[in-house]
Amino acid sequence: MMETRGLTKHFKDVRAVDGIDLTVARGELVALLGPNGAGKSTTLRMLTTLIPPTSGTASVAGFDVVRQQRQVRQRIGYIGQGNGAGHSQRGRDELTSQGRAYGMSVRAARQRATELIESLGLAEVADRTVATLSGGQRRRLDIAMGLIHAPDLLFLDEPSTGLDPQNRANLQEHILRLRAEHGTTIVLTTHYLDEADSMAERVIVIDHGRVIADDSPARLKAEHVGDTILFGFDSEHEAARAAGVLRGRELNAYGKEVKIRTQGGPRQVPGMLEDLRSAGLPAASVEVTRPTLDDVFLQLTGRSLREGGAGREEESTRELVEV
Ligand SMILES: Nc1ncnc2c1ncn2[C@@H]1O[C@H](COP(=O)(O)OP(=O)(O)OP(=O)(O)O)[C@@H](O)[C@H]1O
């Protein structure tokens, strides 16, 4: 559905995108994740023919983004960061006009607008003027506009930036449903870690214009970070002895705690507790911490995606087990 080779964009001396090779198959939902200025939007703008690459190639829906711009545009929907919809028209009319701009008949554009209003939950607001809609409703209308001509491939640049958590969850649900119902290939950019994690089956981490990781969220976390199991004991002496019982694993013992780095943490806890009990060392507490995509980014770059307010506060998932 989409393929890039050495895709590069320089703005004077800024290497915004620095040789990206990507292949996206039909029906995939891919998130481009990276900190501010990583090159996500610039990549999307090249793929949607809005700006030409400095070098490298990209084909989208089988057409070259430089030589066959018109064919590419007919087959894609692009929802940028700004607000696509105007303000004084009603949402339904905005959608119909957009369809007409893509060469659809009035009748076909109206029919498609009605379908999208239904599937994107806009029925209650479609007849209000755009200026009166909430941020979340307007964003959903933007998405409907990007879908009016039933594109095979939808590009969303930071779809949920600026929305409150409830509207964000709502929008994510609509995007997922849309994909389930129409099989649309979706490429979105985000710097919300949880959004990439929960929505995308594949996350492409971009930093300084380059792809630094590309896999499913689960595999990225398992491969680059793994789980942490923290055992608490009643005394330092017990903790030191427990470290001996659990040896052979990647572990640290300090104070009354023993910390183990491993994969598949929750599945390993029962066996470890059994070993400790057999040695007369019952643990007082156990905590399994599963990594986030931020931990993956930190592991790969030594920096946090959240630095500079790039991501939003997100705690590692903790599973507390009473023993
Ligand atoms: N038109 C432009 N002229 C000059 N520099 C640009 C232009 N567009 C982007 N850049 C620079 O290219 C780099 C990549 O920017 P880009 O907008 O692609 O990042 P991003 O990953 O989308 O960031 P954000 O999450 O903040 O949207 C940045 O250093 C940015 O300042």
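The name given to the chain in an unreviewed UniProt entry is ABC transporter ATP-binding protein, with the source organism recorded as Paractinoplanes rhizophilus. The record held by UniProt for the chain lists under Sequence similarities (unreviewed entry) the comment "Belongs to the ABC transporter superfamily." UniProt, in its Subcellular location (unreviewed entry) section for the chain, records the words "Cell membrane".

Chemist: What should I look at first to understand the pairing of strand β12 (residues 250-254) in this one?
Modeler: It is a general feature of regular strands that their side chains alternate between the two faces of the sheet. Across the 5 residues of β12, 0 count as buried, placing the element largely on the outside. Bridge count between β12 and strand β13 (residues 257-262): 5 bridges; the pairing is antiparallel. Each bridged residue has a counterpart across the sheet, and for Tyr 254 the counterpart in β13 is Glu 257.

Chemist: Sorry if this is basic, but what is going on with the sheet that holds strand β5 (residues 63-64) here?
Modeler: Strand order in the open sheet made by the 4 strands is β2-β1-β4-β5, with antiparallel pairing throughout. For this open sheet the edge positions go to β2 (14-24) and β5, each flanked by a neighbour on one side alone. Direction of pairing for strand β4 (residues 55-60) relative to β5: antiparallel, over a ladder of 2 bridges. What sits directly across from Val 60, in β5, is Phe 63. Lying on the sheet, helix α1 (residues 40-47) is in contact with β1 (2-11), β2 and β4; it crosses β1 at an angle near 120°.

Chemist: Would you mind going over helix α3 (residues 91-101) with me for this structure?
Modeler: Residues lying three or four places apart along an α-helix face the same way, a consequence of the helix completing one turn every 3.6 residues. When α3 is considered as a whole, its buried residues turn out to be Gly 91, Arg 92, Glu 94, Leu 95, Thr 96, Gln 98 and Gly 99. Turning to α3, the residues buried within the fold contact α4 (106-119) and α5 (135-147). Gly 103, located one to two residues past α3, shows a positive phi value of around 90°.

Chemist: Explain the nonpolar core here, please?
Modeler: As a rule of thumb, soluble globular proteins bury nonpolar side chains together. Ala 31, Ala 144, Ala 196 and Val 203 are the most contacted members of the largest nonpolar core, which totals 62 residues. It is α5 that contributes the most residues to this core, 5 residues altogether. Excluding residues that lie within four positions of it along the chain, Ala 31 makes contacts with Leu 188, Thr 190, Ala 196, Met 199, Ala 200 and Val 203. Grouped together as the second largest cluster of nonpolar side chains are 15 residues, Phe 231, Phe 233, Ile 260 and Val 288 included.

Chemist: Is there a simple way to explain the domain arrangement of the chain in this structure?
Modeler: How big an interface is tends to be reported as the loss of accessible area on association of its parts. Segmentation of the chain into domains returns domain 1 (2-221) and domain 2 (224-321). Put simply, the middle of domain 1 and the middle of domain 2, counted by C-alpha atoms, are 38 Å apart. At the interface, 17 residues of domain 1 touch 16 residues of domain 2. Among the elements of the structure, α7 (193-199), β9 (202-207), β10 (210-215) and α8 (217-224) are those that each provide at least two residues to the side of domain 1 that touches domain 2. The element best represented in the side of domain 1 that touches domain 2 is α7, accounting for 4 residues. Of the residues contributing to the side of domain 1 that touches domain 2, the split by class is 11 nonpolar, 2 polar and 4 charged.

Thresholds, definitions, all that
Residues numbered from 1 in each chain as written. Predicted model: local features only at pLDDT ≥ 70, side-chain atom pairs only at ≥ 80, totals over all residues. UniProt positions renumbered as here; feature names shortened; annotations may be inferred. Buried ≥ 20, exposed ≤ 12 C-beta atoms within 10 Å, placed from the backbone. Helix = DSSP H or I, 4+ residues; strand = E, 2+ residues; numbered from the N terminus. Pairing = 2+ DSSP bridges. Contact = placed C-beta atoms within 7 Å. Axes fitted to C-alpha atoms, helices over the stretch in contact; angles between N-to-C directions. Core = buried A, V, L, I, M, F, W, Y, C linked by C-beta atoms within 7 Å. Domains from an automatic or database assignment. Nonpolar A, V, L, I, M, F, W, Y, C, P; charged D, E, K, R; others polar.

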